[in-house]
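Chains, contacts and geometry: an overview
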Amino acid sequence: MGKRILILGAGVGGIVSSNIFAKSIMKEHEVVLIDKNDTHIFRASYPYIMINVRKPHQIRAEISSLQKMGVKFVQAEVLGLDLSNLLVETDIGSFTYDYLIIALGAEEHSEKVPGLIETAFNLCDYESVLDLSQVLERFEQGHIITFISELPVIGTVAPYEIVFLLDSFFRRRKQRQNIELTLITPEEIPLQNSNPKVSNSIAADLKKRGINLLVNSQVVSLDPRANSIELQDGSIIVADIFIAIPPQQGPAVLKNSSLELDEGWVKVDPHTLKTNLENVYAVGDITAIRMPSNRDWAPKLGVFAHYQAEVVARNIALELAGKKPMFRYRGKAAGFVMATDISLGRIGSFDYFAIERPKVTLLRPTRLGHWVKMAFEKYWLTRWF
Ligand SMILES: Cc1cc2nc3c(=O)[nH]c(=O)nc-3n(C[C@H](O)[C@H](O)[C@H](O)COP(=O)(O)OP(=O)(O)OC[C@H]3O[C@@H](n4cnc5c(N)ncnc54)[C@H](O)[C@@H]3O)c2cc1C
């Protein structure tokens, strides 16, 4: 008898798992994908949108295009999870399932930092990044502060990409001498869960390029009238533009869902992504995966959402075919790129299940790195839609 696989969220995890099901399971089974939006936007390209080197139409895809592969797309907002009755409640009604994959990502809570909404541009919000790109076009002199509000930070390397791309953008416009750039982070060192060599190389690069770095710094509030930011140690810094990576947490719909949570994120088996409930899986930013070496949060990146979704979808497909699930998620990713200039990028790799400490490599900035990043954007928006 046909089974229904219900996938919540058409971000990285939802899109990858939908595609794999479309290709690997019998037609008798039904794949239903739910998202509140009708468009998927490739967030890894937001930093390029910010400096106007990518245009909005280049980083978007219609989620409904998955219907041509046999995936049923439903545009609806998930409002609750009544999982003891195998029900997902949405604004257009309830959905049952035989298998459930929760890929709703992280939920942003800008209101947790007083003054953030009124004062700062939000790097995780598409419209806000577009507004910022307009302001930067006209900006000729002053101080720009980029800050990470809280850990874990979605996109891990994105704040560093932002300051490097701003530096590169203003250098090309020959205005860099009139612009002060600052990055504020609660991390002890840049990319604190990588390794000292990588962290030191980023810190050295920031210094060489004249970008101020404030580590161990928690932003407590912003003042829209004074155009200032207050840090936990009481210091106040005035600036002209603020760019925030706002606080993130597990979505509110998880509460009262009978899913086991860890500080609001969904607890999963780190190798199979199974939750505490039968036939319910979670993938991507919403998961509570901790690194074995130091119990810190594993990085929340699209590459990991992608690999996790592959493991879950392939194992469910095997189970539906009457075979034993055999795929395991290993916390590794290669070919990942951190942008360091409008035309340069550092190719890297992660292995965060390493026992002694997470292993991270980042090669020196190259044009190849940039082209890999650009090619991946194109690949993502054509291969998966
Ligand atoms: C600025 C920025 C730059 C980044 N750069 C990179 C990068 O270079 N490389 C990289 O690997 N990662 C990067 N990331 C991180 C990457 O975008 C995320 O890790 C990835 O998108 C997580 O995938 P996901 O499937 O878990 O969730 P998401 O991609 O966030 O998808 C969640 C989906 O669920 C939907 N949804 C949420 N709530 C509901 C609801 N209640 N009802 C219905 N639908 C809902 C949303 O609309 C969304 O489509 C970046 C992130 C940011 C913000």
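Criteria and cut-off values
- Numbering of residues begins from 1 in every chain and follows the order in which that chain's sequence is written.
- Thresholds applied to this predicted model are a pLDDT of at least 70 for local features of residues and 80 or more for the giving and counting of side-chain atom pairs; totals over whole chains, interfaces and linings are not thresholded and use all residues.
- The basis for the side-chain values is all heavy atoms of the structure; hydrogens and waters are excluded.
- Throughout, exposure labels follow a simple rule: accessible area from a 1.4 Å probe, protein chains only, divided by the maximum for the residue type, with under 20% read as buried, over 50% as exposed, and the rest as partly exposed.
- A run of DSSP states H or I qualifies as a helix once it reaches four residues; a run of E qualifies as a strand once it reaches two. Both are numbered from the N-terminal end.
- For two strands to count as paired, DSSP must find a minimum of two bridges between them.
- A clockwise path from the first strand over the helix to the second, with the strands pointing away from the viewer, defines a right-handed crossover.
- By convention in these notes, a salt bridge is any Lys or Arg side-chain nitrogen within 4 Å of a carboxyl oxygen on Asp or Glu.
- Residue proximity to a molecule or strand is established when one non-hydrogen atom of the residue lies within 4 Å of it.
- A 3.5 Å cut-off defines polar contacts: any pair of N or O atoms within that distance qualifies, except that in protein one atom must be a possible hydrogen donor and the other a possible acceptor, and neighbouring residues in sequence count only when both atoms are side-chain atoms.
- Only the protein chains shown count as cover for residues, with accessible areas throughout obtained via the Shrake-Rupley method and a probe of 1.4 Å.
- By the convention adopted, Pro, Cys, Tyr, Trp, Phe, Met, Ile, Leu, Val and Ala count as nonpolar, Lys, Arg, Asp and Glu as charged, and the other residues, Gly among them, as polar.
- As used throughout, domain bounds are those supplied by an automatic or database domain assignment.
- Using a 1.4 Å probe, buried area is obtained as the accessible area two parts lose upon being combined, added over both of them.
- Here an angle of 0 to 180 degrees is reported between the N-to-C directions of two axes, which are lines fitted to C-alpha atoms, with helices fitted over the stretch in contact.
- By nonpolar core is meant a set of buried Ala, Val, Leu, Ile, Met, Phe, Trp, Tyr and Cys residues that side-chain atoms within 4.5 Å join together.
- Between two residues, a contact is recorded if the distance between any of their heavy atoms is within 4.5 Å.
- Here the expected length of a helix is defined as 1.5 Å per residue gap, with one fewer gap than residues.

**Considerations on the pairing of strand 2 (residues 30-35)**
Counting buried residues in strand 2 gives 5 out of 6 residues, a clear majority hidden from the surface. Both strand 1 (residues 4-8) and strand 2 contribute to a ladder of 5 bridges, which runs parallel. Bridge pairing in strand 2 links Arg4 to Glu30. Handedness of the crossover joining strand 1 and strand 2 through helix 1 (residues 12-24): right-handed. Taken together, the 4 bridges between strand 2 and strand 5 (residues 72-75) define a ladder with parallel strand orientation. If you follow Val32 over to strand 5, its bridge partner there is Lys72.

**Looking at the pattern of salt bridges**
Applying the stated criterion to the full structure yields 14 salt bridges. Across the pair Asp167 and Arg176 runs a salt bridge, and its minimum N-O distance is 2.5 Å. In this structure, Asp167 and Arg176 share a single accessibility class: buried. Here Asp262 and Arg290 are joined by a salt bridge, their closest N and O atoms 2.8 Å apart. On the criterion of sequence distance, the pair formed by Asp262 in strand 20 (residues 261-262) and Arg290 in the loop between strand 22 (280-282) and helix 7 (302-320) is long-range, its members being 28 residues apart. Note on accessibility: Asp262 and Arg290 belong to one class, buried.

**Some thoughts on the site of the ligand**
As a structural note, the neighbourhood of the ligand is formed by 31 residues, with Gly13, Asp35, Val78, Asp285 and Gly302 the closest of them. Within the backbone of Gly13, an N or O atom sits 2.8 Å from an oxygen atom of the ligand. Note that an oxygen atom of the ligand is positioned 2.8 Å from one of the backbone N or O atoms of Asp285. Protein contact buries 89% of the 1000 Å² of open area that the ligand shows by itself. Looking at the shell around the ligand, the elements that each hand over two or more residues are helix 1 and helix 7. Per-element tally for the shell around the ligand: the top contributor is helix 7, with 3 residues. Tallied by class, residues from the shell around the ligand come to 16 nonpolar, 8 polar and 7 charged.

**Section: the environment of Asn227**
In this fold, Asn227 is placed in the loop between strand 15 (219-223) and strand 16 (228-231). Overall, the relative accessible area of 29% leaves Asn227 in the partly exposed class.

**Some details on the domain arrangement of the chain**
Taken domain by domain, the chain consists of domain 1 (4-106 + 250-332) and domain 2 (109-247). Buried surface at the junction of domain 1 and domain 2, both sides included, amounts to about 1900 Å², of which 70% is carbon and sulfur. It is Tyr46, Met50 and Ile51 in domain 1 that bury the most area against domain 2; as a group they hold 35% of the surface buried on that side. At the surface where domain 1 touches domain 2, the tally comes to 6 residue pairs in polar contact (both at pLDDT 80 or more). Sorting elements by how many residues they give to the side of domain 1 that touches domain 2 places helix 2 (residues 46-50) first, with 5 residues.

**Quick look at unusual backbone geometry**
In this structure, the amide linkage connecting Leu151 to the following residue, Pro152, adopts the cis form with an omega of 0°. Within the element layout of this structure, Pro152 appears in the loop between strand 12 (142-148) and helix 5 (158-172). At Asn52, a position not held by glycine, the phi torsion is positive, near 65°. Its place among the elements puts Asn52 in the loop between helix 2 and strand 4 (60-62).

**Digging into the sheet that holds strand 23 (residues 332-341)**
Taken in spatial order, the 3 strands line up as 23-24-25 in an open sheet, and their pairing is antiparallel. Among the strands making up the open sheet, the edge pair consists of strand 23 and strand 25 (359-362). Neighbouring strand axes in the sheet, compared pairwise and without regard to direction, differ in orientation by 20° on average. By the bridge criterion, 8 bridges tie strand 23 to strand 24 (residues 344-351) in an arrangement that is antiparallel. Within strand 24, the position partnered with Ala339 by the bridge is Gly345.

**Comments concerning the pairing of strand 16**
Moving residue by residue along a regular strand, the side chains alternate between the two faces of the sheet. Inspection of the sheet shows strand 15 paired to strand 16 by 4 bridges, in the antiparallel sense. Across the sheet, residue Val219 finds its bridge partner in strand 16, namely Leu231. Joining the antiparallel neighbours strand 15 and strand 16 is a turn of 4 residues, in which Asn227 adopts a positive phi near 50°. In this antiparallel pair of consecutive strands, strand 16 and strand 17 (residues 236-238), the connection spans 4 residues, and Gly234 shows a positive phi of 90°.

**Re the nonpolar core**
With 112 residues, the main nonpolar core has Ile5, Met50, Ile144 and Leu166 as its most contacted residues. For this core, the domains that each give at least three residues are domain 1 (4-106 + 250-332) and domain 2 (109-247). Among residues more than four places away in sequence, those in contact with Ile144 are Leu136, Phe139, Leu166, Phe170, Ile179, Glu180, Leu181, Thr182, Ile241 and Ile243. Core analysis: the second largest hydrophobic core is formed by 14 residues, Leu116, Val219, Ile237 and Ala239 among them.

**What about helix 7?**
Across its 19 residues, helix 7 extends 27 Å between first and last C-alpha, which sits within 8% of the 27 Å expected from 1.5 Å per residue. Summarising burial for helix 7: 14 of the 19 residues are buried, a large majority. Positioned one or two residues after helix 7, Gly322 has a phi angle of 80°, which is positive.

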